[in-house]
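What follows is each chain in one-letter form.
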Amino acid sequence: MSRVQHLVVEEGDGEQRLDRWFKRTFPLIGQGLIEKMCRKGDIRVDGGRVKASTRLEVGQTVRIPPLPDEKAPPPPKRTRISEADTKFIRSCVIYRDDHIIALNKPPGLPVQGGSGQSDRHVDALADALMFELDEKPRLVHRLDKDTSGVLIMARTRSIAAALTASFRHRETRKIYWAAVAGVPHPRNGTIKFGLVKAFGHGARGEGEKMYCVHPKDMETTEGAKRATTDYATLAQAGKRTCWMALIPVTGRTHQLRAHMAEIGHPIVGDGKYGGSGQENMGDGWGAQLGGDISKKLHLHARSLTLEHPVTKARLNLTAPLPDHMARTWDTFQWAPSDVPADPFEEDWG
């Protein structure tokens, strides 16, 4: 058995689940033992109890309890990816250089595995995105499974550290497009409800949901985190629905979905926050429009702007709408060419 260790999370290792970090550091320690040590409080982060799914941040200290004796770890195995999946994930690439890969992630494809998730996800398919390099691209941010759009991956550990820092310090600009139920008033504005996570929706926390907290109740609500969303209405179809641009000023879990539902305009197709069976006909509240409009989530990471970590050039990445949203846009005669790339920089509406 080893002794108690205290390891600091290094640059390039942040923004990942504790269990994945643990298995990369101690390859022969299984998932079951990691979860057991978390339940008993043997593994701690900055002195506090944690779950296996807790996200680590650079600079945090992880307490490692005595571990069973390990032999030298076997060489890492490359994921075997079918020719079809290789072709599929490479077709999602919208930008690539020696340092960065950007994907237009399709809806329904998870970014990472986890409880209740398929083994087919972006991280598992990343071996097919190595191209001429020896390293597997690394995730530096995430999108929900049903959210489509721009997803950046770093091609080396050093670039991953630089990009992770950019996201953490809000040096990137992300604009999402969404179709929502009804039309908000005012048409442009800012939402400042805090968010708190409610656990217990599954054996291992799957199905978790965020609840909004009024700003005046933030100090008295345990676990609540401040969250801010800017929004702009770009077009509308009567009073039934509208096309919106959204900027998550903060980056909380399910922030855009929870915020839009809280102000009475859930994102179309959002069964978690808008009601899976509720149809909005202009005089009610619900996330389904009925008719030919798809029941899939209508939320798309349209663009991401950032400073390239090597060239320092301004890089603007744009992803076309997924098929189900493109059909909705055609139905309501909404044309992407009719709106500015960044409506928040112009006097829109």
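Residues numbered from 1 in each chain as written. Predicted model: local features only at pLDDT ≥ 70, side-chain atom pairs only at ≥ 80, totals over all residues. Heavy atoms only, no water.

## Notes on the overall build of the protein chain
Now for step 1: Counting its secondary structure elements, the protein chain contains 8 helices and 16 strands.
Now for step 2: The buried share of the protein chain, taken over its 349 residues, is 48%.
Now for step 3: Counting contacts in the protein chain only where the partners sit at least 6 residues apart, residues at least 24 apart contribute 65% of the total.
Now for step 4: Surface exposure of the protein chain reaches about 17800 Å², of which carbon and sulfur atoms provide 47%. (Helix = DSSP H or I, 4+ residues; strand = E, 2+ residues; numbered from the N terminus. Buried < 20%, exposed > 50% of the residue type's maximum accessible area, 1.4 Å probe, protein only. Contact = heavy atoms within 4.5 Å. Areas by Shrake-Rupley, 256 points an atom, 1.4 Å probe, with all protein chains shown as cover.)

## Here's the deal with the UniProt feature "active site" (unreviewed entry) in the protein chain
Now for step 1: As annotated in UniProt, the feature "active site" (unreviewed entry) corresponds to Asp 144 in the numbering used here.
Now for step 2: Turning to its location among the elements, Asp 144 is positioned in the loop between β7 (138-139) and β8 (148-154).
Now for step 3: Apart from the residues within four sequence positions on either side, Asp 144 is in contact with Lys 105, His 254 and Arg 257. (UniProt positions renumbered as here; feature names shortened; annotations may be inferred.)

## A closer look at the sheet that holds strand β3 (residues 48-49)
Now for step 1: The strand order β1-β4-β2-β3 describes an open sheet built from 4 strands, whose pairing is antiparallel. Two strands in the sheet have a free side with no partner beyond their single neighbour: β1 (5-8) and β3.
Now for step 2: Of the strand pairs in this sheet, β1 and strand β4 (residues 61-64) are connected by 4 bridges, and their pairing is antiparallel. Residue pairing for β4: Val 8 is matched across the bridge by Thr 61. (Pairing = 2+ DSSP bridges.)

## Notes on the pairing of strand β14 (residues 241-248)
Now for step 1: Among the 8 residues of β14, 8 are classified as buried, and the element is accordingly described as predominantly covered.
Now for step 2: Residues of β14 alternate between two faces, with Thr 241, Trp 243, Ala 245 and Ile 247 on one and Cys 242, Met 244, Leu 246 and Pro 248 on the opposite face, all of them buried.
Now for step 3: Pairing geometry for strand β13 (residues 229-237) and β14, over 8 bridges, is antiparallel. What sits directly across from Ala 237, in β14, is Thr 241.
Now for step 4: In this antiparallel pair of consecutive strands, β13 and β14, the connection spans 3 residues, and Gly 238 shows a positive phi of 60 degrees.

## Some thoughts on the packing of helix α1 (residues 18-25) against helix α2 (residues 31-40)
A pair of packed helices is captured by two measures, namely the crossing angle of their axes and the spacing between those axes.
Now for step 1: One can describe the packing of α1 onto α2 by two numbers: an axis separation of 10 Å at closest approach and a directional angle of 125 degrees. With respect to each other, α1 and α2 are oriented oblique. α1 and α2 meet at a crossing whose hand is right-handed. The segment α1 lies against α2, with Leu 18, Asp 19, Phe 22 and Lys 23 engaging Gln 31, Ile 34, Met 37 and Cys 38.
Now for step 2: Class assignment for the residues of the contact of α1 with α2 results in 5 nonpolar, 1 polar and 2 charged. (Axes fitted to C-alpha atoms, helices over the stretch in contact; angles between N-to-C directions. Parallel < 35°, antiparallel > 145°, perpendicular 65-115°, else oblique. Left-handed = near helix turned anticlockwise from the far one by under 90°. Nonpolar A, V, L, I, M, F, W, Y, C, P; charged D, E, K, R; others polar.)

## Quick word on empty space enclosed by the protein
Now for step 1: The tally for this structure, following the rule as stated, stands at 1 cavity of 30 Å³ or more.
Now for step 2: The space that makes up the largest cavity amounts to roughly 30 Å³.
Now for step 3: Along the walls of the largest cavity sit His 141, Leu 143, Val 150, Lys 174, Ile 175, Tyr 176, Ala 301, Ser 303 and Leu 304, which together make up its complete lining.
Now for step 4: Among the elements of the structure, β9 (173-181) and β15 (299-307) are those that each provide at least two residues to the lining of the largest cavity.
Now for step 5: Its residues placed into classes, the lining of the largest cavity shows 6 nonpolar, 2 polar and 1 charged. (1 Å grid on protein atoms, 1.4 Å probe; cavity = no way out; pocket = protein on both sides within 12 Å on 5 of 7 lines; lining within 4 Å. Points joined across faces, edges and corners; volume = space filled by probe spheres on them.)

## Some details on the packing of aromatic side chains
Now for step 1: Enumeration over the complete set of coordinates arrives at 7 aromatic pairs.
Now for step 2: Ring-pair connections join several aromatic residues into one group, and the members of that group are Trp 177, Trp 243, Trp 329, Phe 332 and Trp 334.
Now for step 3: Taking the ring centre of Phe 131 as reference, the NZ or CZ of Arg 96 above it sits at 3.8 Å.
Now for step 4: The ring of Phe 88 carries Arg 120 above its face, with NZ or CZ at 4.6 Å from the centroid. (Phe/Tyr/Trp six-rings, centres within 6.5 Å; stacked < 30°, edge-to-face > 60°. Lys NZ or Arg CZ within 6 Å of the ring centre and 35° of its normal.)

## A closer look at the confidence of the model for the protein chain
Now for step 1: With 88% of its residues at a pLDDT of at least 70, the protein chain reaches an overall mean of 87.
Now for step 2: Counting contacts from residues 202-206, a segment whose pLDDT is below 50, to residues more than four positions away or on other chains yields 4 contacts. (pLDDT = per-residue confidence, 0-100.)

## Things to note about the environment of Leu 151
Now for step 1: Relative to the elements of secondary structure, Leu 151 occurs in strand β8.
Now for step 2: Here the alpha-carbon distance between Leu 151 and Ala 319, two residues 168 residues apart in the chain, equals 9.3 Å.
Now for step 3: Apart from the residues within four sequence positions on either side, Leu 151 is in contact with Ile 101, Ala 102, Leu 103, Lys 105, Val 111, Val 122, Leu 139, His 141, Arg 142 and Leu 143.

## Side note on the nonpolar core
General note: in soluble globular proteins, nonpolar side chains tend to be found buried as a group.
Now for step 1: Formed by 29 residues in total, the largest nonpolar core has its most connected members in Leu 103, Leu 246 and Leu 299.
Now for step 2: If you list the elements that add at least two residues to this core, you get β6 (100-105), α4 (122-125), β8, β9, β14, α6 (255-262) and β15.
Now for step 3: For Leu 246, the contacting residues outside a window of four places in its chain are Lys 174, Ile 175, Tyr 176, Ala 178, Asp 230, Tyr 231, Leu 256, Met 260, Leu 299 and Phe 344. (Core = buried A, V, L, I, M, F, W, Y, C linked by side-chain atoms within 4.5 Å.)

## Some words on the side chain of Ser 294
Now for step 1: Note that Ser 294 resides in the loop between α7 (271-274) and β15.
Now for step 2: Ser 294 gets classed as buried once you look at its relative accessible area, which sits at 16%.
Now for step 3: In terms of polar contacts, Ser 294 uses its side chain to reach the backbone amide nitrogen of Lys 296, at 3.0 Å.
Now for step 4: Excluding its chain neighbours within four sequence positions, the residues that come into contact with Ser 294 are Val 268, Gln 288, His 324 and Thr 328. (Polar contact = N/O pair within 3.5 Å; in protein donor to acceptor, adjacent residues only side chain to side chain.)

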